[in-house]
Amino acid sequence: MERIARVARHVVPGGVQPQSPTNGLCPQLTSGSQSPILTTLKGKIAALAKEKTALKNDLLKNHGETKIQVVTVEMAINGARSMKTMVTDTSDLDANDGISYRGMSLYDVNRALPKAPGGSCALPEAAFWLLLTGEVPTDAETKAFTLELHNRSAVPANVMATLDSVPKETHPMTQLSMCMLAMQKDSKFSAAYDKGMKKSEYWEYALEDALDLVAKIPVVAAAIYRRTFKDGAGPAYDKSMDWAANYANMLGVNSSEEFKEVTRLYLMLHADHEGGNVSAHTAHLVGSALSDPYYSWAAGLCGLAGPLHGLANQECLGWLLQVQKDLKGQTPTKALLTQYAEETLASGKVIPGFGHAVLRNTDPRYMLEREFALKHCQSDPLFQLVDACYQAIPELLQKKGKVKNPFPNVDAHSGQLMHFYNLKEENYYTVVFAVSRAIGVMAQTVWARAIGLPIERPKSVPLDTLKQLATK
């Protein structure tokens with residue numbers, strides 16, 4: 001029988017976890033030692049950092065005055081849209097091809113990265129390794145890295161005490177942000193900085209915090225779900241599972257292998273999105289002041305909670321459920337959804353989940369989720385509605401010429417998949433997003449310190465000054 005325990009109680013004094021099965025991955029660590037996989041990881045990052053730092057220095061010395069872009073008035077007013085003013089080495093967002101992780105398309109990433117036994121979806125911790133090192137990990141490296149995260153997953157008692165002090169009605173993203181800040185007292189980066197570490201060591205201590213944070217965030221996130229929407233009890237932490245499967249299991253909403261697979265896919269696809277999105281940019285900005293990763297990601301989470309960013313997946317599902325209700329049992333077809341969408345637009349409302357600030361083609365993340373749905377839940381009425389929207393809405397938006405990108409983004413699909421597997425509390429969806437995005441943002445944080453990026457300090461101008469510059 002599945003062992004049931006208090007999810008929020010994956011905590012013991014000193015942060016030492018009870019022993020649990022390792023599934024033959026590698027032996028338990030001795031307290032205070034550095035594991036072989038961590039030595040390997042640091043070696044790979046150090047070697048790549050040396051190469052990238054040399055490239056950065058060459059660019060500054062020999063090409064520092066080279067202009068790469070003309071800045072327009074529109075860019076200045078409209079949130080620095082498309083303005084190339086940041087460096088993010090872990091991922092890139094191309095308007096036509098979508099996101100790439102270290103130069104690999106998401107399709108290639110999903111094919112190349114190690115999978116769970118019998119699975120077809122890439123393991124998100126393998127994506128974390130790729131983002132950190134620029135290399136696809138071997139199966140052995142991935143298993144050892146998974147166990148490294150397991151061995152860091154015990155959540156300090158003060159964090160859970162903080163969580164227990166918050167009313168259950170508090171939005172789950174607020175709870176998560178508070179828990180990240182509560183973890184800050186144990187920041188290894190902050191402690192080392194206070195003792196006077198060298199600049200060349202910044203990235204190593206940032207990595208320590210990054211690994212700790214990524215290891216612990218699923219435990220906290222699962223506890224938030226169980227206390228907010230259930231009775232507080234749930235499946236216990238299980239080291240025999242991979243990082244994403246363990247998170248899916250702790251949620252306690254569906255014990256199937258399919259739910260573990262879709263969780264792996266979701267957490268891999270949402271992991272990184274270059275540096276300009278609100279949550280990553282916020283974390284980068286805060287981290288550039290040498291605030292530790294806990295401060296940085298707590299700030300990033302506050303941005304992720306916004307309706308124009310991470311909350312969009314929640315809004316998309318809400319819209320789909322409302323459409324389903326309005327159709328009153330009618331089978332969703334392209335013709336029916338075209339009419340419904342036309343009426344929606346005519347009323348002055350927007351259709352969430354279609355279009356993207358940067359992308360000009362269908363989001364590859366959407367397509368990978370669509371492939372999963374076609375294989376595993378094609379008969380789901382909500383998927384049939386998503387499919388009808390996919391057939392109808394882009395064509396309608398193209399005809400009306402209202403948007404630069406009429407195609408669906410990932411938010412148009414992810415809610416349907418979570419809903420199908422019984423994770424139906426829409427207010428929680430952004431927390432799942434946050435668990436995933438912690439991977440990319442933490443990788444970015446490590447690399448910002450590894451290549452010595454400075455404090456971010458753009459220059460702002462009043463509108464009157466902007467007018468003078470534009471009309472002189």
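This structure is a prediction, so every number in the text was calculated from the model and none was measured.

(A) Quick look at the pattern of salt bridges. Tallied over the entire structure, the rule returns 20 salt bridges. The shortest N-O distance in the salt bridge between Glu208 and Arg152 comes to 2.9 Å. A residue pair is termed long-range when its members are at least 10 positions apart, and Glu208 in helix H9 (residues 202-229) and Arg152 in the loop between helix H5 (139-150) and helix H6 (157-164) qualify at 56 residues. For Glu208, a relative accessible area of 11% puts it in the buried group.

(B) Structural context of helix H15 (residues 334-346). Look at H15: 18 Å from first C-alpha to last across 13 residues, which is about the 18 Å you get at 1.5 Å a residue. Of the surrounding elements, those touching the buried residues of H15 are helix H14 (312-327) and helix H17 (381-400). Positive phi appears at Gly348, one or two residues downstream of H15, with a value of about 90 degrees.

(C) Looking closely at the packing of aromatic side chains. Applying the stated criterion to the full structure yields twelve aromatic pairs. Taken together, a centroid distance of 6.1 Å and an interplanar angle of 35 degrees make the contact between Phe259 and Tyr421 tilted. Of this pair, Phe259 sits in helix H11 (residues 257-269) while Tyr421 sits in the loop between helix H18 (411-420) and helix H19 (429-450), placing them 162 residues apart in sequence. Tyr421 shares its class with Phe259; the two are buried. Cation over ring: Arg102 sits above Trp447, and NZ or CZ is 4.9 Å from the ring centre.

(D) Broad picture of the pairing of strand S2 (residues 91-94). With burial as the criterion, only one face of S2 is covered, namely that bearing Ser91 and Leu93; the residues Asp92 and Asp94 on the opposite face remain uncovered. As judged from the four bridges shared by S2 and strand S3 (residues 98-101), these two strands associate in the antiparallel manner. Directly across from Ser91, in S3, lies its bridge partner Tyr101. Following S2, the chain reverses through three residues before pairing antiparallel with S3.

(E) A look at unusual backbone geometry. One non-glycine residue, Lys328, lies in the positive phi region at around 50 degrees. Summarising the element assignment, Lys328 is placed in the loop between H14 and H15. In this model, Asn422 sits at a positive phi of 80 degrees, which is unusual for a non-glycine residue.

(F) Representation of the side chain of Lys260 in the model. When you line up the elements, Lys260 lands in helix H11. Although Lys260 lies buried, it forms no salt bridge, and the closest oppositely charged side chain, Glu257, sits 4.8 Å away as judged by the N-O distance. Not counting residues up to four positions away in its chain, the partners in contact with Lys260 are Met241, Ala245, Ala248, Asn249 and Ser255.

(G) Main features of the sheet that holds S2. Read from one edge to the other, the open sheet built from three strands follows the order S2-S3-S4, with strand pairing classed as antiparallel. Each edge of the open sheet carries a strand with a single partner, namely S2 and strand S4 (104-105).

(H) Structural view of the side chain of Glu208. Side chain to side chain, Glu208 and Lys42 meet in a polar contact 3.2 Å long. Among all residues touching Glu208, those that are not within four sequence positions of it are Leu38, Lys42, Arg152 and Lys188.

(I) The arrangement of H5 in detail. Compared with an ideal rise of 1.5 Å per residue, which puts twelve residues at 16 Å, H5 spans 17 Å between its outermost C-alpha atoms and is within 8% of the ideal. Burial analysis of H5 places nine of its twelve residues in the buried class, the great majority of the element. Along H5, the residues classified as buried are Glu141, Thr142, Ala144, Phe145, Thr146, Leu147, Glu148, Leu149 and His150. In this fold, the buried residues of H5 make contact with helix H1 (36-63), helix H4 (124-133), H9 and helix H10 (243-251).

(J) Representation of the packing of helix H7 (residues 172-183) against helix H13 (residues 293-304) within the structure. Relative to each other, H7 and H13 sit at 170 degrees, their axes nearing to 8 Å. Compared by their axis directions, H7 and H13 come out roughly antiparallel. On H13, the residues that touch Met173, Leu176, Ser177, Met180, Leu181 and Met183 of H7 are Tyr294, Tyr295, Trp297, Ala298, Leu301, Cys302 and Leu304. Considered class by class, the residues forming the contact of H7 with H13 number twelve nonpolar, one polar and no charged.

(K) Seen up close, the nonpolar core. Of all hydrophobic cores here, the largest spans 125 residues; its most connected members are Tyr101, Leu176, Tyr247, Trp297 and Tyr428. Residues contacting Leu176, with those up to four places away along its chain left out, are Ile217, Val220, Ile224, Leu301, Val431 and Ala434. By size, the runner-up hydrophobic cluster in this structure holds five residues, among which are Phe189, Ala192, Met197 and Tyr202.

(L) Broad picture of the environment of Gly440. Secondary-structure assignment places Gly440 in helix H19. We classify Gly440 as buried; its relative accessible area is 0%. Those residues in contact with Gly440 that sit more than four places away from it in its chain are Leu131, Ala271 and Asp272.

(M) Region of the structure containing the pairing of S3. Two elements, S3 and S4, share two bridges in a ladder whose sense is antiparallel. In the strand pairing of S4, Tyr101 is matched with Met104. Counting the residues that bridge the hairpin from S3 to S4 gives two residues, and of these Arg102 lies at a positive phi of roughly 50 degrees.

The rules behind the values
- Residues numbered from 1 in each chain as written.
- Predicted model: local features only at pLDDT ≥ 70, side-chain atom pairs only at ≥ 80, totals over all residues.
- Heavy atoms only, no water.
- Salt bridge = Lys/Arg side-chain N within 4 Å of Asp/Glu carboxyl O.
- Helix = DSSP H or I, 4+ residues; strand = E, 2+ residues; numbered from the N terminus.
- Buried < 20%, exposed > 50% of the residue type's maximum accessible area, 1.4 Å probe, protein only.
- Expected span 1.5 Å × (residues − 1).
- Contact = heavy atoms within 4.5 Å.
- Phe/Tyr/Trp six-rings, centres within 6.5 Å; stacked < 30°, edge-to-face > 60°.
- Lys NZ or Arg CZ within 6 Å of the ring centre and 35° of its normal.
- Pairing = 2+ DSSP bridges.
- Lys, Arg positive; Asp, Glu negative; His and termini not counted.
- Polar contact = N/O pair within 3.5 Å; in protein donor to acceptor, adjacent residues only side chain to side chain.
- Axes fitted to C-alpha atoms, helices over the stretch in contact; angles between N-to-C directions.
- Parallel < 35°, antiparallel > 145°, perpendicular 65-115°, else oblique.
- Nonpolar A, V, L, I, M, F, W, Y, C, P; charged D, E, K, R; others polar.
- Core = buried A, V, L, I, M, F, W, Y, C linked by side-chain atoms within 4.5 Å.

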